[in-house]
Amino acid sequence: MQKQKKVLVTGGARGIGESICRALSREGFYLYIHCNQSAEAAKSLCDELGDAEYISADLADPISVAVLAEKCKDVDVLVNNAGVALVFPFDAISIDAARKMYEINLFAPINLSRKILPNMISRKSGVIINISSIFGEVGGSCEVDYSTAKSGIIGFTKALAKEVGPAGIRVNCVCPGIIDTDMNEDLTFEDIDSLCDEIPLGRLGNSDEVAECVAFLASDKAKYITNLHEYLDIKNIFVVHQPRKEADVQNWVANTKHMCDVAKDGLLVAYDGLTVLL
């Protein structure tokens, strides 16, 4: 009988994290659902999904991060999803507020990965999936610190994937654009209309669409995919990743439900606003 795989999803009680937990539960994973201020929601989600437990930890506190990593050191998959927004003019943000944001959005994912990696390396298998943001690539006005942290996550993914790939560990990054979650609840109707004008599908993304992408990257169907930075974006973006085998391309297409053409030169074009260069 095949051993049940375990996954830690940070920020797993709400928004994108909740959808990721639901998607991975459908794939048969045992879930460690991390939360901080959403313990009731996390408990309710565990009760609903089964094969799950929740763990409270403040990711702004390095000691709490170390404790969380120790509790979940045997996971097969780590999804660094938790994040907080910080929307103010750059020179109006206090050092303390910026430091807290960097601890949660950048240093917690790095240090969780650092603590969990040794067991993955010893098993010669494991998957780390980082949730960044389109702002990590293009930047965002009045979100300078947030954009900087998310850019750091992309760089972290690139470097770590190269380092641990020989040990059989895959490291990938998903960079959502504007997703309809609580983090964006302050957007006005005018803001949303303006954003939708820039989106090929003419609408915001939803958390389930991000979760399906994460579930694919966590699965064996993506076993030859690492150092991928997949953009669920407001405009067409070119992304480079390693796989060139036809079967891996077909798996990617089938599981992300994109309508695609594979050209003779290896260019994979998706018509929903995501363009990937292989």
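As a reminder, the structure under discussion sits directly above these lines.
Residues numbered from 1 in each chain as written. Predicted model: local features only at pLDDT ≥ 70, side-chain atom pairs only at ≥ 80, totals over all residues. Heavy atoms only, no water.

Draft legend 1. Focus on unusual backbone geometry. Positive phi is not limited to glycine here, since Lys124 has a value of about 60 degrees. Tracing the chain through its elements places Lys124 in the loop between helix 4 (95–123) and strand 5 (126–131). Lys124 gets classed as exposed once you look at its relative accessible area, which sits at 58%. Of note, Cys142 is a non-glycine position whose phi angle comes to about 65 degrees, a positive value. For Cys142, a relative accessible area of 33% translates into the label partly exposed. (Helix = DSSP H or I, 4+ residues; strand = E, 2+ residues; numbered from the N terminus. Buried < 20%, exposed > 50% of the residue type's maximum accessible area, 1.4 Å probe, protein only.)

Draft legend 2. Focus on the nonpolar core. Formed by 40 residues in total, the largest nonpolar core has its most connected members in Leu8 and Leu68. Elements that contribute at least two residues to this core include exactly strand 2 (30–35), helix 3 (62–71), helix 4, helix 6 (144–164) and strand 6 (169–176). Residue contributions to this core peak at 11 residues, all from helix 4. Setting aside residues up to four positions removed in sequence, Leu68 forms contacts with Leu8, His34, Ile55, Ala57, Leu59 and Leu112. (Core = buried A, V, L, I, M, F, W, Y, C linked by side-chain atoms within 4.5 Å. Contact = heavy atoms within 4.5 Å.)

Draft legend 3. Geometry of the side chain of Arg170. As for its position among the elements, Arg170 is in strand 6. Buried charge without a salt bridge: Arg170, with Asp220 as the nearest opposite-charge side chain at an N-O distance of 5.5 Å. Within the structure, the side chain of Arg170 is placed 3.0 Å from the backbone oxygen of Ala222, a separation counted as a polar contact. When sequence neighbours within four positions are dropped, the list of residues in contact with Arg170 reads Gly126, Val127, Ile128, Leu217, Ala218, Ser219, Ala222, Lys223, Tyr224, Ile225 and Thr226. (Lys, Arg positive; Asp, Glu negative; His and termini not counted. Salt bridge = Lys/Arg side-chain N within 4 Å of Asp/Glu carboxyl O. Polar contact = N/O pair within 3.5 Å; in protein donor to acceptor, adjacent residues only side chain to side chain.)

Draft legend 4. A look at the pairing of strand 2. The buried fraction of strand 2 amounts to 6 of the 6 residues, a majority that puts the element mostly inside the structure. Burial along strand 2 is two-sided: Tyr30, Tyr32 and His34 and Leu31, Ile33 and Cys35, pointing in opposite directions, are all buried. The pairing of strand 1 (residues 6–9) with strand 2 spans 4 bridges and is parallel. Bridging from a neighbouring strand, Lys6 pairs with Tyr30 of strand 2. Once you follow strand 1 into helix 1 (residues 15–26) and on to strand 2, the crossover reads as right-handed. Traced from strand 2 through helix 2 (residues 39–49) to strand 3 (residues 52–56), the parallel crossover comes out right-handed. (Pairing = 2+ DSSP bridges. Right-handed = clockwise from strand over helix to strand, strands pointing away.)

Draft legend 5. Just the packing of helix 4 against helix 6, in detail. Contact pair helix 4 / helix 6: the axes reach a minimum separation of 9 Å and the direction vectors enclose 15 degrees. Classified by the interaxial angle, the pair formed by helix 4 and helix 6 is roughly parallel. Taken as a pair, helix 4 and helix 6 cross one another with a handedness that is right-handed. Where helix 4 abuts helix 6, its residues Ala98, Met101, Tyr102, Asn105, Leu106, Pro109, Ile110, Ser113 and Leu117 lie against Asp145, Tyr146, Thr148, Ala149, Lys150, Gly152, Ile153, Phe156, Leu160 and Val164. A breakdown of the residues in the contact of helix 4 with helix 6 according to their chemical character gives 13 nonpolar, 4 polar and 2 charged. (Axes fitted to C-alpha atoms, helices over the stretch in contact; angles between N-to-C directions. Parallel < 35°, antiparallel > 145°, perpendicular 65-115°, else oblique. Left-handed = near helix turned anticlockwise from the far one by under 90°. Nonpolar A, V, L, I, M, F, W, Y, C, P; charged D, E, K, R; others polar.)

Draft legend 6. Quick look at the environment of Asp91. You can see Asp91 is positioned in the loop between strand 4 (77–80) and helix 4. Along the primary structure Asp91 and Cys142 are separated by 51 residues, whereas in three dimensions their C-alpha atoms are 9.4 Å apart.

Draft legend 7. Main features of the pattern of salt bridges. Counted under the stated rule, the structure contains 9 salt bridges. Between Lys73 and Glu70 there is a salt bridge; the shortest N-O distance is 3.0 Å.

Draft legend 8. Quick peek at the packing of helix 3 against helix 4. Close contact between helix 3 and helix 4 brings their axes to 9 Å; oriented N to C, the two are set at 40 degrees. Remark: the crossing between helix 3 and helix 4 carries right-handed chirality. In this structure, helix 3 uses Pro62, Val65, Ala66, Leu68 and Ala69 to contact helix 4, whose residues at the interface are Glu103, Ala108, Asn111, Leu112, Lys115 and Ile116.

Draft legend 9. The arrangement of the pairing of strand 4 in detail. Along strand 4, one buried face is formed by Val77 and Val79 and the opposite face, lined by Leu78 and Asn80, is buried too. Where strand 1 lies against strand 4, 3 bridges are found, and the strand directions are parallel. Considered in strand 4, the bridge of Val9 is made with Val79.

Function-wise, these values are silent; they only describe arrangement.
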